[in-house]
Amino acid sequence: MSFSSVLIANRGEIACRLIRACQGLGLRTVAVYSDADRDAPHVALADTAVHIGASEAAKSYLDGDKVIAAARRAGAGAIHPGYGFLAENAGFAQACSDAGLTFIGPSPENIRLMGSKIAAKAAAVAARVPVVPGYYGDDQSDDLLLAEAQKIGTPLLIKASAGGGGRGMRQVHDLARFAEELSLARAEAEAAFGDGTVLLERYVGTARHIEVQILADRHGNVRHLFERDCSLQRNHQKVIEEAPAPNLDPAIRANLLDSAVRLTHGIGYDSAGTVEYLFDADTGDYFFLEMNTRLQVEHPVTEAVTGIDLAQWQIRVAQGEALPFAQADIPCDGWAIEARITAEDPAQGYRPETGEITHYREPTLPGLRIDSGVRAGSHISHYYDSLLAKLIAQGPDRDSARRLLLRGLDTLRLSGPGTNTGFLHDLLELPGFVDGTHATASLGAAWPDGWQAPAPTPRHLSEAALARFLHDAPAPSPDPWRSLGAWRITAPSGREGAAIYYLDGEILRISGREERYLIALPGDLAPVGVTGASLTDGQLHYEVDGLRQNAQVDVHGPSVTVHSAGQRHVIDILSGEQTLEAGGTSGEGGGNQVLAPMPGLVTEVLASPGQQVAAGDGIVVIEAMKLLQTLTAPRDGIVDEIRCAPGDNVDKAAVLATLTLEENT
């Protein structure tokens, strides 16, 4: 079990996290990378890096044979899978052992047992741990599943038996849609985990999601590291996590912790793991959901309150070390809250976002930790999960940690693809979250029609215009043709003129002289007068009515990103030439096209030429960042042409289908 080098079979922020954990133990590290990750931060951070294949995860990070071959080639003695990809693949864990490599994680038998939600429920029952009422049988026929769904009643959940992260999970409120949701859940589970087996559960609408962190060694010692609350979720995926859980009765907490240890002992577990529960806040009942046999995304909040480095202890346990601390020795001090920063647009149904990160600067505040897998220049592709970084705030109490996390979101600069930072900021200020009474249904209750990003204010528009102008302004020069830059001279004697830009196709004018500018915005907005304006390293400084104002802005070509209170406003300030170049490029396709909203893989075509469809009918299903999205008909009409097929990789804005519109629509 002794080893001196570790191959990290992962990418992104968790690969960077694990490389640093190994470095802290004096271990040599080996990274692996795909074509898309050739210049990724984790590649540069490791001592050695090995290329393992094409950008598609199935041809690189999910190919266990390639990963093991890379370990042998680089002389690694152990493999750490992180989370996702091969982390909960029992076959891969066994293959590592067969190859003489230490798999840093539990035994293949434990992974196999807990990797099946159906088998895991049986193990929980054997350990006297309550489970959610539902169907966990082997018979997967459509007729039987429908019959069991009718017994359970609505609302219910269809869940993939393998894997997690909300993939392969569908909520059903009307049994008339059961067959459709079952088909989608199976397809998503197959795409994410290679296993379309599902189970059915009663949906607990008032539930909180509480999980217990476990650490066990190979000498029979099991310790819990207290609990986390992960109730703020979107599409069954966690977005905010914290430790400990707020407003949890001490007696219920003790029972939860005890049941998690009992289950872990019962299956002979020997690594880091997490036992997850649904907690019904109305009744006080709790139900076992699953056990994740790996390090969790949210493990940093537990590290913050206990002072125990989970990543390092997972490695030390794999080397045969016994846990040196008793249960009573493990503290739970203060509070920690984590926010997952992802490349997605929450205002568009959490649509994945891709592209180059043009500006990136992490906040530096006491008590704030950031686990990141990106930097300026990183390209975010559609091949992998949308997680970019995690921001973790630690404070003496819950509100201190919450306010610090808000400040961290305010000062994080990340420009390029859209992110969820504004959404996270609003989540942290939800009244239910502020007082700790939130549940898994809180997001739907707060925004029944979906979260919408606030529109930029006149101040944001003025800052964007001023930043674009100052960015364009040439360096001082005796040559008037250079020094005038964007100015058009209208009063030569006073050197007073105007810089002309366009905002949403309308004229935007900046006029003035000697650092005194008047910004005339389109429409009925009042002009804004500013003095003393300067732009240095993304920091915009100016005065309005004698008040000094500061703003964070990033200029990338005509696109200006204004950072404000956790929100990112991306505003296009175009020159006349750029306006002409952008003319007539609407992505709506005139209402008769189905366009790819992002790069992705076509997994299914739901319509055929000549078929009559109504607005909202499914036309094409694409997979991006491990999620399936059904693209629908924009209006009533007849399918004229299908321009894609299952298996096609398509670019953003690619025309996938065209419609002939009905005359009366």
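An account of the accompanying structure is given in this report. (Residues numbered from 1 in each chain as written. Predicted model: local features only at pLDDT ≥ 70, side-chain atom pairs only at ≥ 80, totals over all residues. Heavy atoms only, no water.)

**Some words on the overall build of the protein chain**
The cut-off we apply is this: Where helices and strands are cited, they refer to DSSP runs of H or I of at least four residues and of E of at least two residues respectively, numbered from the N terminus. Only C-alpha atoms enter the radius of gyration; for comparison, a globular chain is expected to reach 2.2 Å times N to the power 0.38, where N is the number of residues. Each residue is assigned to one of three classes by its accessible area relative to the maximum for its type, calculated with a 1.4 Å probe on protein chains only: buried under 20%, partly exposed between the two thresholds, exposed over 50%. Note on definitions: a residue-residue contact is assigned when non-hydrogen atoms from the two residues lie within 4.5 Å.
In terms of regular secondary structure, the protein chain is built from 18 helices and 40 strands. Taken over the C-alpha trace, the protein chain has a radius of gyration of 27 Å; the compact-globule value for 665 residues is 26 Å, and the two agree within 12%. Taking the principal axes of its C-alpha atoms as reference, the protein chain extends roughly 90 × 65 × 55 Å. In the protein chain, which comprises 665 residues, the share counted as buried stands at 54%. Considering only contacts in the protein chain between residues 6 or more positions apart, those separated by 24 or more positions represent 62%.

**Some details on the packing of aromatic side chains**
Convention followed: The pairing test for Phe, Tyr and Trp rings, Trp by its six-membered ring, is centres within 6.5 Å, and the orientation test on the planes gives stacked under 30 degrees, edge-to-face over 60, and tilted for anything in between. Charges are assigned to positions over rings by a cutoff of 6 Å between ring centre and Lys NZ or Arg CZ, combined with an angular limit of 35 degrees from the ring normal.
Following the criterion strictly, the structure yields 11 aromatic pairs and no others. Ring centres of Tyr-61 and Tyr-384 lie 5.6 Å apart, and the angle between their planes is 80°; this geometry places the pair in the edge-to-face category. Placement of the pair is Tyr-61 in the loop between strand E3 (48–53) and helix H3 (64–74) and Tyr-384 in the loop between strand E21 (379–380) and strand E22 (387–395), with a sequence separation of 323 residues. Look at Tyr-61 and you get buried, because its relative accessible area is 1%. By relative accessible area, Tyr-384 is classed as buried at 3%. On the numbers, 6.1 Å between centres and 80° between planes, the contact of Phe-92 with Phe-103 is edge-to-face. One end of the pair, Phe-92, is in helix H4 (residues 90–98); the other, Phe-103, is in strand E5 (residues 102–103), with 11 residues separating them in the sequence. Through a chain of ring-to-ring contacts, the aromatic side chains of Tyr-61, Phe-85, Tyr-383 and Tyr-384 assemble into a single cluster. Its end group placed over the ring of Trp-313, Arg-316 keeps NZ or CZ at 3.9 Å from the ring centre. The lysine or arginine in question, Arg-398, covers the ring of Phe-433, its NZ or CZ lying 4.4 Å from the ring centre.

**Brief notes about the nonpolar core**
Formally: Residues belong to a common nonpolar core when they are buried Ala, Val, Leu, Ile, Met, Phe, Trp, Tyr or Cys residues joined through side-chain atoms within 4.5 Å.
Membership of the largest hydrophobic core comes to 59 residues, with the highest contact counts inside it found for Phe-3, Val-6, Leu-215, Leu-263, Val-275, Tyr-277 and Phe-288. What Phe-288 contacts, discounting residues up to four positions off in sequence, is Ala-120, Lys-121, Ala-124, Val-129, Pro-130, Val-131, Val-132, Leu-263, Val-275, Glu-276 and Tyr-277.

**Observations concerning the environment of Ala-565**
Assignment of secondary structure puts Ala-565 in the loop between strand E31 (559–564) and strand E32 (567–572). A C-alpha to C-alpha distance of 7.8 Å links Ala-565 and Gly-422, two positions 143 residues apart in sequence.

**Some details on the sheet that holds E22**
Selection criterion: We treat two strands as partners when DSSP finds at least two bridges between them. To define axes, lines are fitted to C-alpha atoms, for helices over the stretch in contact only, and angles between the resulting N-to-C directions are given on a 0 to 180 degree scale.
An order of E14-E13-E10-E11-E12-E15-E22-E20 is seen for the 8 strands of this open sheet, with the pairing classed as antiparallel. What marks the edges here is a single partner per strand, and that holds for strand E14 (286–292) and strand E20 (368–372). Sheet twist, expressed as the mean angle between neighbouring strand axes with direction ignored, is 25°. Pairing of strand E13 (residues 272–280) with E14 involves 6 bridges; the strand directions are antiparallel. When the sheet's bridge partners are listed, Leu-278 is paired in E14 with Phe-287.

**As for the sheet that holds strand E1 (residues 5–8)**
The 5 strands lie next to each other as E3-E2-E1-E4-E5, forming an open sheet whose pairing is parallel. A single partner strand is all that each edge strand has here, and the edge strands are E3 and E5. Across 4 bridges, the pairing between E1 and strand E2 (residues 28–34) is parallel. What sits directly across from Val-6, in E2, is Thr-29.

**So, helix H11 (residues 310–318)**
To be explicit about the condition: The term polar contact refers here to a pair of N or O atoms within 3.5 Å; inside protein, the definition further demands a hydrogen-donor-capable atom paired with an acceptor-capable atom, and it admits residues adjacent in sequence only when both atoms are side-chain atoms.
Taken across its 9 residues, H11 has 8 buried, putting it largely inside the fold. Taken as a whole, H11 has its buried residues at Leu-310, Ala-311, Gln-312, Trp-313, Gln-314, Ile-315, Val-317 and Ala-318. The backbone nitrogen of Ala-311 lies 3.2 Å from a side-chain oxygen of the residue at the head of H11, namely Asp-309. Of the residues one or two after H11, Gly-320 is the one with positive phi, at around 100°.

**Examining the pairing of strand E28 (residues 528–536)**
Pairing between strand E27 (residues 516–520) and E28: 4 bridges, direction antiparallel. Opposite Tyr-517, over in E28, you have Val-530 as the bridge partner. In this structure, E28 lies alongside strand E29 (residues 539–544), joined through 4 bridges in antiparallel fashion. Each bridged residue has a counterpart across the sheet, and for Leu-535 the counterpart in E29 is Leu-540.

**Notes on H4**
As a reminder, the rule being used: Relevant arc is that of directions from the helix axis to the C-beta atoms, nothing else.
Looking only at H4, the buried set comprises Ala-90, Phe-92, Ala-93 and Cys-96. One side of H4 carries all its buried residues, which in axial view fall inside an arc of 165°. Taken together, the buried residues of H4 touch H3, strand E4 (78–80), E5 and helix H5 (108–115). With a side-chain oxygen positioned 3.0 Å from the backbone nitrogen of Gly-91, the residue opening H4 is Asn-89.

**Section: the environment of Leu-263**
Relative to the helices and strands, Leu-263 resides in helix H9 (residues 250–266). Residues in contact with Leu-263, not counting those within four places in the same chain, are Ala-123, Ala-124, Ala-127, Val-129, Val-275 and Phe-288.

**Notes on the packing of H3 against H4**
As a reminder of what qualifies: Working rule for angles: under 35 degrees goes down as roughly parallel, over 145 as roughly antiparallel, 65 to 115 as roughly perpendicular, anything else as oblique. Put simply, a crossing is left-handed when the front helix is turned counterclockwise from the back one by less than a right angle, and right-handed when it is turned clockwise. Side-chain classes are defined by residue name, with Ala, Val, Leu, Ile, Met, Phe, Trp, Tyr, Cys and Pro counting as nonpolar, Asp, Glu, Lys and Arg as charged, and the others, Gly among them, as polar.
Where H3 contacts H4, the axes come no closer than 10 Å and their chain directions differ by 30°. Classified by the interaxial angle, the pair formed by H3 and H4 is roughly parallel. The handedness of the crossing between H3 and H4 comes out as right-handed. Across from Gly-64, Val-67 and Ile-68 in H3, the residues of H4 making contact are Phe-92, Ala-95 and Cys-96. Class assignment of the residues belonging to the contact of H3 with H4 gives a composition of 5 nonpolar, 1 polar and no charged.

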